[in-house]
Amino acid sequence: MKPIFVQLQCAPGKTYEVADVIYKKEIVSEMYSTSGDYDLLIKVYIEEGEDVGKFINDNIATVPGINRSLTTLTFNAF
């Protein structure tokens, strides 16, 4: 498993709803509130070799209230 960080831009007033839905999916190991154009920064773990874009599209980007998602960082190890 490798960790990735994903920034989420939420529709106005939807940040808490989006955070709640993502938390209930049980895919997030850490979640942070941010400021500026992006509202949430989440840390998830994916399988080695798994397509990051597909994972985000299948598990995160489809959550109602998300305007945009952006993979910010990937790590091979801490």
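Residues numbered from 1 in each chain as written. Predicted model: local features only at pLDDT ≥ 70, side-chain atom pairs only at ≥ 80, totals over all residues. Heavy atoms only, no water.

In the annotation of an unreviewed UniProt entry, the entry for the protein chain reads AsnC family transcriptional regulator, and the organism field reads Pararhizobium polonicum.

Colleague: Hey, could you go over the overall build of the protein chain for me, with residue numbers and the actual values?
Modeller: Of the regular secondary structure elements, the protein chain holds 2 helices and 4 strands. Listing every helix and strand of the protein chain by position from the N terminus yields β-α-β-β-α-β. Expressed as a percentage of the 78 residues in the protein chain, the buried residues total 33%. Taking as baseline every contact in the protein chain between residues at least 6 positions apart, the subset at least 24 positions apart corresponds to 69%. (Helix = DSSP H or I, 4+ residues; strand = E, 2+ residues; numbered from the N terminus. Buried < 20%, exposed > 50% of the residue type's maximum accessible area, 1.4 Å probe, protein only. Contact = heavy atoms within 4.5 Å.)

Colleague: Give me the pairing of strand β3 (residues 40-46): which residues, what numbers.
Modeller: Within β3, 5 of the 7 residues are buried, which leaves the element mostly enclosed by the surrounding structure. Bridge analysis of strand β1 (residues 2-10) against β3 gives 7 bridges, and the strand direction is antiparallel. Each residue of the ladder has a partner; that of Ile4, found in β3, is Val44. By the bridge criterion, 5 bridges tie strand β2 (residues 28-33) to β3 in an arrangement that is antiparallel. Of the residues in β3, the one forming a bridge with Val28 is Val44. (Pairing = 2+ DSSP bridges.)

Colleague: Could you give an account of helix α2 (residues 52-59), with specific residues and numbers?
Modeller: Among the residues of α2, Val52, Phe55 and Ile56 are the ones counted as buried. Burial along α2 is one-sided: seen end-on, the buried residues are contained in an arc of 95°. For α2, the N-terminal capping position is held by Asp51, with its side-chain oxygen 3.3 Å away from the main-chain nitrogen of Gly53. (Arc of directions from axis to C-beta. Polar contact = N/O pair within 3.5 Å; in protein donor to acceptor, adjacent residues only side chain to side chain.)

Colleague: Describe the pattern of salt bridges, listing the residues and the values that go with them.
Modeller: Within this structure, the stated rule accounts for 4 salt bridges. Across the pair Glu30 and Lys43 runs a salt bridge whose closest N-O atoms are separated by 3.4 Å. Linking Glu30 in strand β2 with Lys43 in strand β3, this pair joins segments that are 13 residues apart in sequence. According to the relative accessible area criterion, Glu30 is partly exposed, its value standing at 30%. By relative accessible area, Lys43 is classed as buried at 7%. (Salt bridge = Lys/Arg side-chain N within 4 Å of Asp/Glu carboxyl O.)

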